[in-house]
Amino acid sequence: MKIGKREFQTTGHTYVMGILNVTPDSFSDGGKWNDRDRALRHVEEMLEEGADIIDIGGESTRPGHTFVPEEEETARVVPVIRAVKAAFDVPVSLDTYKAGVASAGIQAGADMINDVWGLKYGGNVSEDGAGRERGSAMARVIAASGLPCCLMHNRRDTDYCDFVHDVVKDLEGTLELAAQAGISREKIILDPGVGFAKSYEQNLEIIRRMGELGTLGCPLLLGCSRKSVIGLTLNLPADQRLEGTLVTTVAAVCQGAMFVRVHDVRENVRAARMAEAIWRPGFAGDRSV
């Protein structure tokens, strides 16, 4: 899969996506990087630590977060995308569920869209007379751009009958929206959505069983970095959840994930490479890291 100027393997190797939150209220690093110069220094640091791609977000999606209007979110992310693309030769992902922000970010140079609503946010989805989802503004923006995308599992309720089966069915709906808009299946990465519309037990289960989503025919991304499932398990605040995050990265490698999305790049790169050395002995990793 080509993201920006770089070709990524969709199987056989787990890449590390570094998180750059340009928000004042992110659950773990709010306000740290929402200044252009500090953001660029952090990107440089993550690249030195081994990040393969940078994911830029302008609105926190933590539970209880404050909604950010499209205009404000665009104003946060567009200058940073432009600055990162001008300063570094690295693929940039834009973390947004709003079609207008995605469109502006793509014009600014974003190489991929990371949508935590899997093309189903709010009024972006319309229905036909039978109540079937038939259109998504975000899907149309992504399709028109020709860019790859990461589409996450999310829903507005937690009324599951058969949890993992229902997650698969929800993601099949996302893939149908993508196909209707003209997004090529070869350009889609799926995210099981740890921390979104799931109980504590369900978050653990989807981490343990994420490999089953491979039946959908798309590469997978796991994003667990510093999330509450780790905090609840270990009874730790967000800034002390590194070890728990590393375990989820190993779980992602063992289940064939294409990406892990993390805050602490160096440590997660090392964990991923060690896990690959054990469980994927055919992969010749970079032994200089």
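Right above here is the structure, for reference.
Read on for an overview of the structure. Note that the structure is predicted; figures quoted are calculated from it, not measured.

Some details on the packing of aromatic side chains
Stage number 1. Tallying each qualifying case throughout the model produces six aromatic pairs.
Stage number 2. Residues Trp 117 and Tyr 121 carry aromatic rings whose centres are separated by 6.4 Å and whose planes lie at 50° to one another, so their mutual orientation is tilted.
Stage number 3. A relative accessible area of 24% places Tyr 121 in the partly exposed class.
Stage number 4. One aromatic cluster in this structure is built from Phe 8, Tyr 15 and Phe 259.
Stage number 5. The ring centre of Trp 117 lies 4.6 Å from the NZ or CZ of Arg 156, which sits over that ring.

With respect to the sheet that holds strand β9 (residues 149-152)
Stage number 1. Taken in spatial order, the eight strands of this open sheet run β10-β9-β6-β5-β4-β3-β12-β11, and their pairing is parallel. The open sheet terminates on both sides in strands that have one partner only, identified here as β10 (188-191) and β11 (221-222).
Stage number 2. Two strands pair when backbone bridges link them, and strand β3 (residues 15-21) and strand β4 (residues 53-57) are joined in this way by five bridges, in the parallel orientation. Note that in β4 the partner of Gly 18 across the bridge is Ile 54.
Stage number 3. Helix α1 (residues 36-48) contacts β3 and β4 of the sheet and is inclined by roughly 165° relative to β3.
Stage number 4. Its contacts with the sheet put helix α2 (residues 70-87) on β3, β4 and β5 (92-95), and the angle it makes with β5 is roughly 175°.

Comments concerning the environment of Met 17
Stage number 1. Tracing the backbone shows Met 17 in strand β3.
Stage number 2. Placed 204 residues apart in sequence, Met 17 and Leu 221 show a C-alpha to C-alpha distance of 9.3 Å.
Stage number 3. Excluding residues within four positions of it along the chain, Met 17 makes contact with Ile 53, Asp 55, Ser 93, Met 112, Leu 221, Phe 259, Val 260, Arg 261 and Val 262.

Details of empty space enclosed by the protein
Stage number 1. This structure, assessed with the given rule, holds two cavities of 30 Å³ or more.
Stage number 2. The computed volume of the largest cavity comes to approximately 40 Å³.
Stage number 3. Surrounding the largest cavity, Leu 222, Gly 223, Cys 224, Ser 225, Thr 245, Thr 248, Thr 249, Val 260, Arg 261 and Val 262 form its lining.
Stage number 4. Counting residues per element, the ones that place at least two in the lining of the largest cavity are α8 (242-254) and β12 (259-262).
Stage number 5. Its residues assigned to classes, the lining of the largest cavity shows four nonpolar, five polar and one charged.
Stage number 6. Taken as a whole, the second largest cavity holds about 30 Å³ of empty space.
Stage number 7. In terms of residue class, the lining of the second largest cavity is built from one nonpolar, two polar and four charged.

The rules we used
- Residues numbered from 1 in each chain as written.
- Predicted model: local features only at pLDDT ≥ 70, side-chain atom pairs only at ≥ 80, totals over all residues.
- Heavy atoms only, no water.
- Phe/Tyr/Trp six-rings, centres within 6.5 Å; stacked < 30°, edge-to-face > 60°.
- Buried < 20%, exposed > 50% of the residue type's maximum accessible area, 1.4 Å probe, protein only.
- Lys NZ or Arg CZ within 6 Å of the ring centre and 35° of its normal.
- Pairing = 2+ DSSP bridges.
- Helix = DSSP H or I, 4+ residues; strand = E, 2+ residues; numbered from the N terminus.
- Contact = heavy atoms within 4.5 Å.
- Axes fitted to C-alpha atoms, helices over the stretch in contact; angles between N-to-C directions.
- 1 Å grid on protein atoms, 1.4 Å probe; cavity = no way out; pocket = protein on both sides within 12 Å on 5 of 7 lines; lining within 4 Å.
- Points joined across faces, edges and corners; volume = space filled by probe spheres on them.
- Nonpolar A, V, L, I, M, F, W, Y, C, P; charged D, E, K, R; others polar.

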